[in-house]
Amino acid sequence: MLISVCGKSNTGKTTFWSASTMVEAEISNRIFTTIKPNQGVAYIRAPCPCRDLGVSCNPQNSKCIGGTRYIPTKLIDIAGLVPGAHLGKGLGNSFLSDIMEANALIHIVDISGGTDQDGNPVESGSNNPLQDIEFLEREIDFWLLGILQKNWTQIKNKAKSGEKPEDLLHKQLSGLGISPEDIKQALKENNIMENDQEESLLEFIEILRKKSKPILIAGNKIDVPGAEALLEKAKDFNIIPCSAESELALRKAEKEGDIRYSPGDSDFEIIKPGLDEKKKKALELIRDKVLKPYGTTGVQKILDSAAFDLLGLIAVYPVENETRYSNKKGNVLPDAYLVPKGTTARELAGKIHTEFLDKFIAAVDARTKKRIGAEQELKNGDVIKIMLSK
Ligand SMILES: Nc1nc2c(ncn2[C@@H]2O[C@H](COP(=O)(O)OP(=O)(O)OP(=O)(O)O)[C@@H](O)[C@H]2O)c(=O)[nH]1
Ligand SMILES: [Mg+2]
């Protein structure tokens with residue numbers, strides 16, 4: 001799974017990415033600080049089955065901290081965009097191709113209203129963050145429209161001579177992670193083969209964009225005075241508030257041994273004896289301005305929500321021994337997989353190894369020890385043993 005952060009310049013995309021991946025990258029309030037995409041690994045949280053099952057686990061592809069599983073996912077940070085990016089303004093539409101393969105987008109909005117339309121820092125409260133939401137959707141839609149229109153006459157002619165429109169459109173939009181089934185559905189709702197006026201094409205694109213690039217809105221910089229009022233104004237937009245800068249500071253302090261803190265925690269504890277007063281004050285400010293009023297810094301909540309709410313994924317745990325919940329080497333609950341809701345036992349086998357698809361015989365629900373069939377849909381938190389033919 002690939003998630004991309006995106007939005008205007010200067011809203012805190014790289015700060016969010018760096019806090020999530022703990023990889024250093026240049027952060028500044030200059031416009032267009034990031035040009036080349038940053039790639040890294042972020043973690044999605046899920047309750048680890050080790051607690052329910054009363055075992056101590058040895059995760060291999062993920063981490064378990066105090067009964068919470070942190071499951072890796074790819075996260076990219078891209079250049080900022082300006083209005084008209086799809087026409088080549090600012091850094092142009094190269095950023096748009098960078099999100100091509102993303103399964104979901106996290107739109108980082110400066111909810112303190114301190115970044116203007118072009119990404120320049122301005123007095124907080126002087127930009128309307130709601131405009132940013134609409135603007136990102138519009139840029140993506142016009143970019144997709146451009147791709148669709150590139151060979152439009154050819155596509156239409158081929159469709160007239162009998163080729164299936166969904167196959168032709170799938171080819172044209174290839175690489176965007178849009179399935180022929182999604183295209184077929186979108187054609188049912190809006191048949192652009194019959195009405196190809198720009199308005200109709202845009203409506204068609206919008207349906208596909210919502211399916212293939214769902215967007216979660218992160219209201220960043222909530223630590224700035226005045227951000228709360230703007231957030232309140234935007235309450236109909238399902239924005240998750242965050243302070244990427246606070247999360248980055250907390251994770252760095254944790255790494256340096258100053259505090260005890262896990263991503264997503266509602267508080268931290270200073271553990272370094274004699275921690276310098278300046279550092280202490282900065283940390284306490286985060287507690288008062290962010291953690292107390294908002295519960296957490298919001299960064300981990302946004303990552304989790306992108307996986308579970310936006311993409312509707314579930315976490316499942318394949319094992320080879322259903323009594324010990326272990327793999328061949330004896331590692332208990334070794335792996336966690338994030339898979340789409342509706343994934344069957346056989347499909348999970350195929351995700352572990354493509355050749356397991358054909359070798360699949362049955363599976364066992366390790367929690368109940370009941371046998372489950374190939375087509376049975378898995379549930380969030382399932383621990384599954386897969387039985388294969390030799
Ligand atoms: N107050 C506050 N400032 C933040 C927060 N997150 C980022 N910033 C600041 O916002 C400015 C821009 O941060 P970046 O992470 O470089 O922003 P960006 O969106 O990656 O910018 P581009 O790479 O130019 O697109 C920097 O001065 C950050 O320190 C936050 O949560 N609160
Ligand atoms: Mg950046």
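Residues numbered from 1 in each chain as written. Chains lettered and ligands numbered in written order. Predicted model: local features only at pLDDT ≥ 70, side-chain atom pairs only at ≥ 80, totals over all residues. Heavy atoms only, no water.

Asks: An account of the nonpolar core is requested, with residue identities and associated values reported.
Replies: Within the largest apolar cluster, 39 residues are counted, with the highest numbers of intra-cluster contacts made by Ile140, Trp143, Leu148, Leu169, Ile192 and Phe204. With nine residues, helix H4 (residues 129-149) is the largest single contributor of residues to this core. Filtering out sequence-adjacent residues up to four positions away, Ile192 remains in contact with Leu148, Trp152, Leu169, Leu187, Ser200, Leu201 and Phe204. Core analysis: the second largest hydrophobic core is formed by 37 residues, Cys48, Cys57, Cys242 and Tyr325 among them. (Core = buried A, V, L, I, M, F, W, Y, C linked by side-chain atoms within 4.5 Å. Buried < 20%, exposed > 50% of the residue type's maximum accessible area, 1.4 Å probe, protein only. Helix = DSSP H or I, 4+ residues; strand = E, 2+ residues; numbered from the N terminus. Contact = heavy atoms within 4.5 Å.)

Asks: An account of the site of ligand 1 is requested, with residue identities and associated values reported.
Replies: Every one of the 23 residues lining ligand 1 counts as a neighbour, but Ser9, Lys13, Thr15, Thr34 and Asp223 are closest to it. Separating an oxygen atom of ligand 1 from a backbone N or O atom of Thr33 is a distance of 2.8 Å. The backbone of Gly80 places a nitrogen or oxygen atom 3.4 Å from an oxygen atom of ligand 1. If ligand 1 stood free it would expose 660 Å²; the protein chains cover 90% of that surface. When residues of the shell around ligand 1 are traced back to their parent elements, those giving at least two are helix H1 (13-21) and helix H10 (244-255). Of the residues forming the shell around ligand 1, the biggest block, three residues, is contributed by H1. Considering only residue class, the shell around ligand 1 consists of four nonpolar, 13 polar and six charged. (Near = heavy atom within 4 Å. Polar contact = N/O pair within 3.5 Å; in protein donor to acceptor, adjacent residues only side chain to side chain. Areas by Shrake-Rupley, 256 points an atom, 1.4 Å probe, with all protein chains shown as cover. Nonpolar A, V, L, I, M, F, W, Y, C, P; charged D, E, K, R; others polar.)

Asks: Any chance you could break down the state of the cysteines for me, citing the residues and the numbers?
Replies: Where two cysteines share a covalent bond between their sulfur atoms, that bond is called a disulfide. Considering all chains together, one arrives at zero disulfides under this definition. Left unpaired, Cys48 is separated from the closest cysteine sulfur, that of Cys50, by 3.5 Å. Of all cysteine sulfurs in the structure, the one in Cys64 sits closest to Cys57, which takes part in no disulfide; the separation is 3.8 Å. (Disulfide = S-S within 2.5 Å.)

Asks: Which residues make up the coordination of the magnesium ion (ligand 2), and what are the values?
Replies: Protein ligation of the magnesium ion (ligand 2) involves Thr14 (OG1) and Thr34 (OG1), the donor distances falling in the range 2.0 Å. On the criterion of sequence distance, the pair formed by Thr14 in helix H1 and Thr34 in the loop between H1 and strand E2 (38-47) is long-range, its members being 20 residues apart. Owing to a relative accessible area of 11%, Thr34 belongs among the buried residues under this scheme. (Donors = N, O, S within 2.8 Å, 3.2 Å for Na, K, Ca; no water.)

Asks: I'd love a proper account of the pattern of salt bridges, names of residues and values included.
Replies: A complete count under the given rule lists 21 salt bridges for this structure. Lys280 is the salt-bridge partner of Glu277, the closest N and O atoms lying 3.8 Å from each other. One end of the pair, Glu277, and the other, Lys280, are both in helix H11 (residues 277-294), three residues apart, so they sit about a helical turn from each other. In this structure, the salt-bridge partner of Lys385 is Glu322, at a minimum N-O distance of 3.8 Å. Taken together, the residues span a long stretch of sequence, with Lys385 in strand E14 (residues 383-388) and Glu322 in the loop between strand E10 (313-319) and strand E11 (337-340) at a distance of 63 residues. Using a relative accessible area of 18% as the deciding quantity, one classes Lys385 as buried. (Salt bridge = Lys/Arg side-chain N within 4 Å of Asp/Glu carboxyl O.)

Asks: For the side chain of Asp77, give the residues involved together with the corresponding values.
Replies: Its place among the elements puts Asp77 in strand E4 (residues 68-77). We note that Asp77 is buried and unpaired, the nearest opposite charge coming from Lys13 at a distance of 5.7 Å. Side-chain polar atoms of Asp77 contact the side chain of Thr14, separated by 2.7 Å. Asp77 has contacts with Val5, Lys13, Thr14, Trp17, Thr34, Pro37 and Asn38, leaving out every residue within four places of it along the chain. (Lys, Arg positive; Asp, Glu negative; His and termini not counted.)

Asks: Tell me about the sheet that holds strand E12 (residues 360-365), and please be specific about residues and values.
Replies: Strand order in the open sheet formed by five strands is E11-E10-E14-E12-E13, with mixed pairing between adjacent strands. Each edge of the open sheet carries a strand with a single partner, namely E11 and strand E13 (370-372). Adjacent strand axes in the sheet meet at a mean angle of 45°, parallel and antiparallel pairs treated alike. Pairing analysis gives three bridges linking E12 to E13, with the strands arranged antiparallel. By the bridge assignment for E13, Ala363 is matched with Ile372. Helix H13 (residues 345-352) contacts E10, E11, E12, E13 and E14 of the sheet and is inclined by roughly 130° relative to E11. (Pairing = 2+ DSSP bridges. Axes fitted to C-alpha atoms, helices over the stretch in contact; angles between N-to-C directions.)

Asks: Go over the packing of helix H5 (residues 152-160) against helix H6 (residues 165-172) with me, naming the residues and quoting the values.
Replies: A pair of packed helices can be characterised by two numbers: the angle between their axes and the separation between those axes. As a packed pair, H5 and H6 sit with axes 9 Å apart at the nearest point and diverge in direction by 155°. Taken together, the axes of H5 and H6 are roughly antiparallel relative to one another. Between H5 and H6 lies a crossing of right-handed hand. Residues Trp152, Ile155, Lys158 and Ala159 of H5 form the contact with H6, whose participating residues are Leu168, Leu169 and Gln172. Classifying every residue of the contact of H5 with H6 gives five nonpolar, one polar and one charged. (Parallel < 35°, antiparallel > 145°, perpendicular 65-115°, else oblique. Left-handed = near helix turned anticlockwise from the far one by under 90°.)

Asks: Could you give me a rundown of the environment of Glu134, with the residues and numbers involved?
Replies: Checked against the element boundaries, Glu134 lands in helix H4. Residue classification places Glu134 among the exposed positions, given a relative accessible area of 57%. Considering only alpha carbons, one finds Glu134 and Leu81, 53 residues apart in sequence, at a separation of 13 Å.

Asks: Could you give me a rundown of the pairing of E14, with the residues and numbers involved?
Replies: Looking at chain direction, E10 and E14 are connected through three bridges and run parallel. Bridge pairing in E14 links Val319 to Lys385. Strand direction decides the pairing type here: E12 and E14, joined by five bridges, are antiparallel. Bridge pairing in E14 links Val364 to Lys385.

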